[in-house]
Amino acid sequence: MKFFIDSANVEDIKKAYKIGVLSGVTTNPSLVAKEGVKFEDRIEEILKLVPEVESVSAEVTPDAITAEEMIAEANELVKINGGDKNITIKVPMNIAGLETCRYLNQKGVKTNVTLVFTVNQALLAARAGATYVSPFLGRLDDISEDGVLLVSKIAELFRIHNLDAQIIAASVRHPDHVTRVAMAGAHIATVPYSVIEQLTKHPLTDQGMEKFAADWVKAPKN
Ligand code: G3P
C-alpha cells in the first residue's frame, strides 16, 4: 500500500516528502479553505514541491453542479503548472461527477472519485474510468458503520472483476485504520501528517532510545 498525504499545508507536505514515503497528495475544499490561499495557487505550489509523486488531487469546487460546470473547471485545473501530468481531477460521486470522470478519462486525465460510501458507488466510478476511488472510512465509522469493511469489499470486487481503479482509503483517522486498510487491500491510504507521525511511534522504541543514550554516556570514548 502506498501513502498519499491528505493536506493542502505546504509544511506538512514537505515533511512527508522528505522522509521518502509520499506517492501523492490529496486536497479537498475544506483542506484548501483552512490555508487561506487561492486554490489554484496552492495546487501549483504543491505540484512544484513534489514532482516525483504519481498524483496531486485537485477537486472541482462545490460551485460546479452540472457536468458541464465540472468539466469547465477541470479544463482549467489541468493547465496548472504547464499542464502537469500529476494533476488528478477529484470529482464527487454523483451523476455529474461520473460524466466528468468519463470525459476526463477519454482525454487521458487522471481522476479521483470522492465521497464514496458504498460498493455500488465504487463500481460505478471504476466503470466510468476513474483512476482512483476514495471511500471515506472514518466518516462511516462516525455513524457506526464499518469503514474498513467497505474498503475490503471494494478491493475484493475490483479483484473479481479485474477493475483497474485504485482504492484510496480516505478519512483515515489513526494508525489502526492504516494497518487495517493495508490488510484489506487498499492500494493507497491518504492520511494527514499527524497520522504519518503517529505511525513512526512505539513506546518501546522511545524506551530503547533512552536506554541506548544512558548506556552510551558510560561507554569509553577513546
Ligand atoms: O480528503 C478526504 C478525507 O480524507 C477527509 O477526511 O477526516 O474530514 O473525514 P475527514
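Residues numbered from 1 in each chain as written. Predicted model: local features only at pLDDT ≥ 70, side-chain atom pairs only at ≥ 80, totals over all residues. Heavy atoms only, no water.

S.K.: I would appreciate a short explanation of the overall build of the chain in the present structure.
M.R.: When helices and strands are counted, the chain shows twelve helices and eight strands. Projecting the C-alpha coordinates of the chain onto the three principal axes gives extents of approximately 70 × 40 × 30 Å. Across the 222 residues in the chain, those meeting the buried criterion constitute 46%. The long-range fraction of contacts in the chain, counting pairs at least 24 apart against all pairs at least 6 apart in sequence, stands at 59%. Split by element, the accessible area of the chain, about 11,500 Å² in all, is 55% carbon and sulfur. (Helix = DSSP H or I, 4+ residues; strand = E, 2+ residues; numbered from the N terminus. Buried < 20%, exposed > 50% of the residue type's maximum accessible area, 1.4 Å probe, protein only. Contact = heavy atoms within 4.5 Å. Areas by Shrake-Rupley, 256 points an atom, 1.4 Å probe, with all protein chains shown as cover.)

S.K.: Teacher, can you tell me more about the site of the ligand here?
M.R.: All residues adjacent to the ligand are Asp6, Asn28, Lys90, Phe136, Arg139, Ala170, Ser171 and Arg173. At 3.0 Å, a side-chain N or O of Asn28 approaches an oxygen atom of the ligand. At a separation of 2.7 Å, an oxygen atom of the ligand approaches a polar side-chain atom of Arg139. Within the complex, the protein chains bury 81% of what would otherwise be the 310 Å² of accessible surface of the ligand. Of the residues belonging to the shell around the ligand, the class tally is two nonpolar, two polar and four charged. (Near = heavy atom within 4 Å. Polar contact = N/O pair within 3.5 Å; in protein donor to acceptor, adjacent residues only side chain to side chain. Nonpolar A, V, L, I, M, F, W, Y, C, P; charged D, E, K, R; others polar.)

S.K.: How should the sheet that holds strand β3 (residues 55-59) be read in this particular structure?
M.R.: Strands in a sheet are paired, the pairing made by backbone hydrogen bonds, and the direction either parallel or antiparallel. Pairing in this closed barrel of eight strands is parallel, and the strands run β1-β2-β3-β4-β5-β6-β7-β8 around the ring. The mean angle between the axes of side-by-side strands here comes to 25°, regardless of whether they run parallel or antiparallel. Contacting β2 (22-26), β3 and β4 (87-92), helix α3 (residues 39-49) crosses the sheet at an angle of about 175° to β3. On the sheet, helix α6 (residues 95-106) packs against β4 and β5 (110-116) and is oriented at approximately 155° with respect to β4. (Pairing = 2+ DSSP bridges. Axes fitted to C-alpha atoms, helices over the stretch in contact; angles between N-to-C directions.)

S.K.: Would you mind going over unusual backbone geometry with me for this structure?
M.R.: Its identity as a non-glycine residue notwithstanding, Leu115 has a phi of 60°, on the positive side. Along the polypeptide, Leu115 turns up in strand β5. A positive phi angle, near 40°, is found at Asn222, a position not held by glycine.

S.K.: Which parts of the structure should I look at to understand the UniProt feature "active site" (unreviewed entry) in the chain?
M.R.: The feature "active site" (unreviewed entry), as annotated in UniProt, sits at Lys90 in this numbering. Mapped onto the fold, Lys90 is located in strand β4. Take Lys90: its relative accessible area is 4%, and that puts it in the buried class. In this structure Lys90 touches Thr26, Thr27, Asn28, Ser57, Ala58, Glu59, Val60, Asn112 and Thr114, once residues within four positions along its chain are discounted. Polar side-chain contacts of Lys90 include one of 3.0 Å to the backbone oxygen of Thr27. (UniProt positions renumbered as here; feature names shortened; annotations may be inferred.)

S.K.: What is the right way to read helix α12 (residues 203-218) from this model?
M.R.: Residue pairs three or four apart in sequence face the same way in an α-helix, which turns once every 3.6 residues. Compared with an ideal rise of 1.5 Å per residue, which puts 16 residues at 22 Å, α12 spans 23 Å between its outermost C-alpha atoms and is within 8% of the ideal. Within α12, only zero of the 16 residues are buried, which leaves it mostly out in the open. (Expected span 1.5 Å × (residues − 1).)

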